[in-house]
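# Understanding the architecture of this molecule
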Amino acid sequence: MNQAEVSKLVSQLKTTVNPRLRKFRNPEGPEGRLDKLRKTVTALIKHERIELNYPRADEARMYAERLISDAIRYGDTHKTTMEMADYWLVEKQLIHKLFKVLAPRFQNYDISYTRLIRAPRPYPGPEDLKAVLELRGNPYPSLRPNGSYNRNLIHNVLLEEAKKAYRAKKYAEIAAKIDAVETAVGLNTNSQTDVPENDEVVAKEVEDKSTKEEK
Amino acid sequence: MLSIFSKRPCIKCFSETSKILLRCSSQTATSTIERNKDQLKRQIVEYRHVYPEFLPDPKIEYRNLIREKLERADMVARRTQVDIPEFYVGSILAVTSSDRHNPEKPHRFVGICIKREYCGLRASFIVRNMIDHQGIEIMYNMYDPTIHKVEVLRLEKRLDDELLYLRDALPEYSTFDSNMDAEILPEGTPVPINPIKVKLKPRPWLERWERKNLKGIEELDLPERFFKRAKELEKPWEKYDLMKEYMRTIPEEEQIEIFSEVQAELHKLEVQRKKMKRKRVIVKPSKLA
């Protein structure tokens, strides 16, 4: 049981942190591991959404979160943070993006800055688990289905039934009206010129109402 | 009627101005509250240097929130009984403790603190001194009930976090007079850092100091191959491993939570200690006279 290191203050990550870091066995040892992760983090910052194998995505996610949280916390005038950004972003123009675009974007976030979604693996093909890693607030369309409407929810079922009943009632009323007009026509043979106009009006009314209800 | 009409706008004006005033006052109040909060936060975060043993071991398998909380309560309770002042690795301490082999006479040991380790109730520190040309080190458990008193004779830091290399240094660097008087620092001064560079004895050593990247030792007189090997074994990428760094520390939010729990008690103890110090300062000249 040793003491916690107190020389540097860090913000708490908003994602779950794995209890152990993955090794990513590598001929170059731990340095090669960091090199791999560095490429992934750079790609994430550059493209804002990438598809890759799940273990690498899960590991790179933590590093990207740490990089962004440090950028927010210390800003671009802090020497060690700048060194970190210089190491972790292989393409140097992305350092500007980190401090000028991403740090202001995530300044007031209470949730994680990245999103990790499991992706389907190609079949037939390699059996590696796939994932999509993306920055929040990216310009691409959402990957998740829109969960705001579900017709199987009880209140939606009831509303649907109520709509049906209302429509049936309206149709019955209109039919009754048409019947009334027709009987009037049958009685009044002299005023034949008015009848087609009336019919047209009724038909129009029916169309209007049906379209409104559908809307 | 006219009078009423004439009054109305006045009332409106007043109400509007009062609203603005209220808003202003509320804004200033909130800003002052926020400033106070920030100050308190900064103060609390500074506690991590003074009371590092209150922070738990960040290793996830050793974490247990309930045990940590209970230990903290016990530590504060012990601190109300025994005054454990602020000290660092490199400070010179005098520790008075009772010896079970000689229960009548408390034992006082003066020396330099060369290491602080462990956290919670297990927190300990090692004090080193040369006595009769023999290096003596005693490891004290900080919350041991046999400890009577811990005095800080000289409050300072060294360039390194551990001074274990004093074991292989020349004896004059770890020799301290056991009748030394306490040096009192003026209030509010930052803890001074002693930039002394220690000269090591020739090999053989207890550890390979050339590989430890130490700042507090003089240049080593070693053959070239030692430095070559040290260079080979360096891990310069490790400082870029953000997650390893994260897993070695406790995040700020958690630290604030931990220290705000014990802050009131610790602050009370600090105030008490300051009062005692002032008393001592006044008493001294009367003794001399």
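Once a new chain begins, its residue numbering starts again from 1 and follows that chain's sequence as written. For this description, chains carry letters from A and ligands carry numbers from 1, given in the order in which they are written. The model is predicted, so local features are restricted to residues of pLDDT at least 70 and side-chain atom pairs to those at 80 or more, both for listing and for counting; the totals for chains, interfaces and linings are taken over all residues. Excluded from the side-chain calculations are hydrogens and water; all other atoms, namely the structure's heavy atoms, are used.

## Concerning helix α2 (residues 65-81) of chain B
Residue and element names in this part refer to chain B. As a reminder, the rule being used: Where helices and strands are cited, they refer to DSSP runs of H or I of at least four residues and of E of at least two residues respectively, numbered from the N terminus. Multiply 1.5 Å by the residue count of a helix minus one, and that product is the helix's expected span. Partly exposed describes any residue whose relative accessible area lies between the buried limit of under 20% and the exposed limit of over 50%, with all areas from a 1.4 Å probe on protein chains only and scaled to the type maximum. When we speak of the arc, we mean the arc of directions from the helix axis to the C-beta atoms.
Taking 1.5 Å as the rise per residue, α2 with 17 residues should run 24 Å; its terminal C-alpha atoms sit 25 Å apart, in good agreement. Every buried residue belonging to α2 is among E68, E71, R72, M75, V76, R78 and R79, and all of these are buried. In a view along the axis of α2, the buried residues occupy a sector of 160 degrees, so they form one face of it. In α2, the exposed positions that point more than 90 degrees away from the buried face belong to I66, L70 and Q81.

## Notes on the nonpolar core
The condition is simple: Each nonpolar core is a collection of buried residues, namely Ala, Val, Leu, Ile, Met, Phe, Trp, Tyr and Cys, held together in the definition by side-chain atoms within 4.5 Å. The criterion used for residue contact is that any of the two residues' heavy atoms lie within 4.5 Å.
Formed by 60 residues in total, the largest nonpolar core has its most connected members in F54, F125, L166 and L200 of chain B. Looking at this core, the elements with two or more residues in it are α1 (2-50), α2, β1 (92-99), β2 (102-117), β3 (124-131), β5 (147-154) and α5 (252-288) of chain B. Not counting residues within four places of it along the chain, the set of residues in contact with F125 of chain B comprises F87, L93, V95, C113, K115, R116, I138, M139, Y140 and M142 of chain B. One finds V10, A71 and L133 of chain A together with Y246 of chain B within the second-largest nonpolar core, a separate group that totals 41 residues.

## Structural notes on the pattern of salt bridges
If charged atoms from side chains of opposite charge come close, those side chains can pair. Our working definition: Salt bridges are counted wherever a side-chain nitrogen of Lys or Arg sits within 4 Å of a carboxyl oxygen of Asp or Glu.
According to the stated counting rule, one finds 38 salt bridges over all chains in the structure shown. Between E48 of chain A and R105 of chain A there is a salt bridge; the shortest N-O distance is 3.1 Å. Separated by 57 residues along the polypeptide, E48 of chain A in the loop between α1 (30-47) and β1 (49-53) and R105 of chain A in helix α4 (residues 93-106) bring together distant segments of the chain. On the basis of relative accessibility, which here comes to 24%, the residue R105 of chain A falls in the partly exposed class. With a shortest N-O distance of 2.8 Å, R72 of chain B and E261 of chain B are connected by a salt bridge. Here E261 of chain B lies in helix α5 and R72 of chain B lies in helix α2, a separation of 189 residues in the sequence. Given the relative accessible area of 5%, R72 of chain B is considered buried. Classification of E261 of chain B as partly exposed rests on a relative accessible area of 35%. Salt bridges sharing common partners tie together R22, R33, D58 and E59 of chain A together with D241 of chain B.

## So, the interface of chain B and chain A
The test is simple: Accessible area that two parts lose when put together, with a 1.4 Å probe and added across both, is what the buried area reports. What qualifies as a polar contact is a pair of N or O atoms within 3.5 Å, subject to a donor-acceptor requirement within protein and to the restriction that residues adjacent in sequence count only when both atoms come from side chains. The classification used treats Ala, Val, Leu, Ile, Met, Phe, Trp, Tyr, Cys and Pro as nonpolar, Asp, Glu, Lys and Arg as charged, and all other residues, Gly among them, as polar.
On the chain A side, the residues contacting the 35 residues of chain B number 31 residues. Note on chain B versus chain A: buried area summed over both sides is about 3200 Å², and carbon and sulfur give 64% of it. Taken together, chain B and chain A are joined by five salt bridges. R33 of chain A is the partner of D241 of chain B in a salt bridge, and the nearest nitrogen-oxygen pair spans 3.4 Å. On inspection of chain B and its partner chain A, the count reaches 13 residue pairs in polar contact (both at pLDDT 80 or more). Secondary structure elements with two or more residues in the side of chain B that touches chain A: α1, β2, α4 (242-248) and α5 of chain B. A total of seven residues in the side of chain B that touches chain A trace back to one element, the largest contributor, which is α4 of chain B. Looking at the side of chain B that touches chain A residue by residue, the class counts come to 17 nonpolar, three polar and 15 charged.

## Quick word on the sheet that holds β1 of chain A
Residues and elements named next belong to chain A. Note the threshold: In short, DSSP must find at least two bridges between two strands for them to pair. Each axis is a line fitted through C-alpha atoms, taken for helices only over the stretch in contact, and angles between the N-to-C directions span 0 to 180 degrees.
The strand order across the open sheet formed by three strands is β1-β3-β2, and the pairing between neighbours is antiparallel. Among the strands making up the open sheet, the edge pair consists of β1 and β2 (114-119). Going across the sheet, the axis of each strand differs from the next one's by a mean of 25 degrees, ignoring polarity. Across six bridges, β2 lies against strand β3 (residues 130-135) in antiparallel orientation. Bridging across to β3, R115 finds its partner in E134. Where α1 meets the sheet, its contacts fall on β1, β2 and β3, and the angle it forms with β1 comes to roughly 150 degrees.

## Structural notes on the environment of V50 of chain B
Residues and elements named next belong to chain B. Tracing the sequence through the fold places V50 in helix α1. Residue class for V50 comes out buried when judged on its relative accessible area of 17%. On a C-alpha basis, the gap between V50 and F87 in space is 7.2 Å, while along the polypeptide they are 37 residues apart.

## Here's the deal with the pairing of β3 of chain B
Residues and elements named next belong to chain B. Burial analysis of β3 places seven of its eight residues in the buried class, the great majority of the element. In this sheet, β3 lies alongside β2 in antiparallel orientation, the contact comprising five bridges. When the sheet's bridge partners are listed, R116 is paired in β3 with F125. Counting the residues that bridge the hairpin from β2 to β3 gives six residues, and of these Y118 lies at a positive phi of roughly 65 degrees. Pairing analysis gives eight bridges linking β3 to strand β4 (residues 134-141), with the strands arranged antiparallel. In the strand pairing of β4, M130 is matched with G135. Hairpin remark: β3 followed by β4, antiparallel, with two residues in the connecting loop; positive phi at D132, about 50 degrees.

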